[in-house]
Amino acid sequence: MDNYRISRDRAQAYFLNFNQDAVIRAWDLPHDDDYLYLVFLGRGYRIHRKTGSVIRQWDGREAEFQEVLSIFDLLCHQGDGKFASGRFAPVNSLKGRAKTVGVGTNFHTAPAKRFEQNMEGFRQACLRLGGEKVDMGDLGFRFPVFADLSVILKFYRSDEDFPASVTLLWDENTLRFVFYETVFYMAGCLLGAIGEEMCR
């Protein structure tokens, strides 16, 4: 069993320690005796209340490591005042995080190259995931993450000097909802979801 699957399974077991009724009330989650239901990055998931397993509703598969850790951090992150600001910043400039000198924000050159090769497929995939077009970059979308939290994706085509690039801007209050490391998991989930939608 690989380390990602081990971490995913541990997170699922850890979730079972939480008061599920409190989680339901906090986020007004639809639920029944067997499952909790939520929407994360525009797609539906269900969590088995006895095992903690997270299932993708659109294909019936178990969620991957990044999805599971992102979802459980969003649902169970400790602290009050979980509300979005509506203002956006790069990951290394979020409130609650010390600014890191010399750390770039364009981490996503490989997916950007794939997106550029099929711009219409990229655009349609973003729309299917609930992306709302914004006037940023050569093509920009604002995506719902969870509750009122959202993220902005800016895409720039390549030119003679620079390769295609993707930059993500997060709500300034994102670290009220999740740990800093989880932001990178959520970024992977978003870019992976776009890639999956492009293959439909």
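A few points on the structure. Computed from a prediction, not measured in an experiment: that's the story for all the values here.

## Describing the state of the cysteines
Overall, the coordinates contain zero disulfides when judged by the stated rule. Looking at the unpaired Cys-189, the closest cysteine sulfur is the one in Cys-126, lying at 15 Å. With no disulfide of its own, Cys-199 lies 13 Å from the sulfur of Cys-126, the closest cysteine sulfur. Exposure remark for Cys-199: the relative accessible area of 69% places this residue in the exposed category.

## Here we look at the pairing of strand β7 (residues 149-156)
Burial runs high along β7: seven of the eight residues are buried. Pairing of strand β6 (residues 139-146) with β7, which is carried by seven bridges, proceeds in the antiparallel orientation. Bridge pairing in β7 links Leu-139 to Phe-155. Here β6 hands over to β7 after two residues, with Ala-147 in that stretch at a positive phi of 55°. As judged from the six bridges shared by β7 and strand β8 (residues 165-171), these two strands associate in the antiparallel manner. Paired with Lys-154 across the two strands is Thr-167, which belongs to β8.

## A few points about the sheet that holds strand β2 (residues 43-48)
The sheet built from three strands is open, its strands ordered β1-β2-β3 with antiparallel pairing. Bordering the open sheet on either side are β1 (35-40) and β3 (54-56), each of which pairs with just one other strand. Going across the sheet, the axis of each strand differs from the next one's by a mean of 30°, ignoring polarity. Along the sheet, helix α3 (residues 65-76) contacts β1, β2 and β3; its crossing angle with β2, the most-contacted strand, is approximately 80°.

## Section: the pattern of salt bridges
Applying the stated criterion across every chain yields a total of 15 salt bridges. Glu-62 is the partner of Arg-8 in a salt bridge, and the nearest nitrogen-oxygen pair spans 3.9 Å. Remark: Glu-62 occurs in the loop between β3 and α3 and Arg-8 occurs in helix α1 (residues 3-15); sequence separation between them is 54 residues. Taking relative accessible area as the criterion, Arg-8 reaches 9% and is therefore assigned buried. A relative accessible area of 38% places Glu-62 in the partly exposed class. When the shortest N-O distance is used, the salt bridge between Arg-56 and Glu-67 registers 3.2 Å. On the criterion of sequence distance, the pair formed by Arg-56 in strand β3 and Glu-67 in helix α3 is long-range, its members being 11 residues apart. Accessibility expressed as a relative area gives 5% for Glu-67, which makes it buried. In this structure, a network of salt bridges that share partners links the residues Arg-43, Arg-56, Asp-59, Arg-61, Glu-64, Glu-67, Arg-128, Glu-196, Glu-197 and Arg-200.

## Here we look at the packing of aromatic side chains
Scanning the model with the defined rule gives 13 aromatic pairs in all. Ring centres 6.2 Å apart and planes at 45° place the aromatic pair Phe-141 and Phe-143 in the tilted group. Taken individually, Phe-141 and Phe-143 each receive the classification buried, so the pair is uniform in this respect. Of the aromatic side chains, those joined through ring pairs into one cluster are Tyr-4, Phe-65 and Tyr-185. Over the ring of Tyr-35 we find Arg-46; its NZ or CZ atom is 5.0 Å from the centre of that ring.

## Focus: the sheet that holds strand β4 (residues 88-89)
A sheet is described by the order of its strands in space; here five strands give the open sequence β4-β8-β7-β6-β5, paired in antiparallel fashion. What marks the edges here is a single partner per strand, and that holds for β4 and β5 (132-134). Together, β6 and β7 form the strand contacts of helix α5 (residues 119-128), whose direction differs from that of β6 by roughly 30°.

The rules we used
- Residues numbered from 1 in each chain as written.
- Predicted model: local features only at pLDDT ≥ 70, side-chain atom pairs only at ≥ 80, totals over all residues.
- Heavy atoms only, no water.
- Disulfide = S-S within 2.5 Å.
- Buried < 20%, exposed > 50% of the residue type's maximum accessible area, 1.4 Å probe, protein only.
- Helix = DSSP H or I, 4+ residues; strand = E, 2+ residues; numbered from the N terminus.
- Pairing = 2+ DSSP bridges.
- Axes fitted to C-alpha atoms, helices over the stretch in contact; angles between N-to-C directions.
- Contact = heavy atoms within 4.5 Å.
- Salt bridge = Lys/Arg side-chain N within 4 Å of Asp/Glu carboxyl O.
- Phe/Tyr/Trp six-rings, centres within 6.5 Å; stacked < 30°, edge-to-face > 60°.
- Lys NZ or Arg CZ within 6 Å of the ring centre and 35° of its normal.

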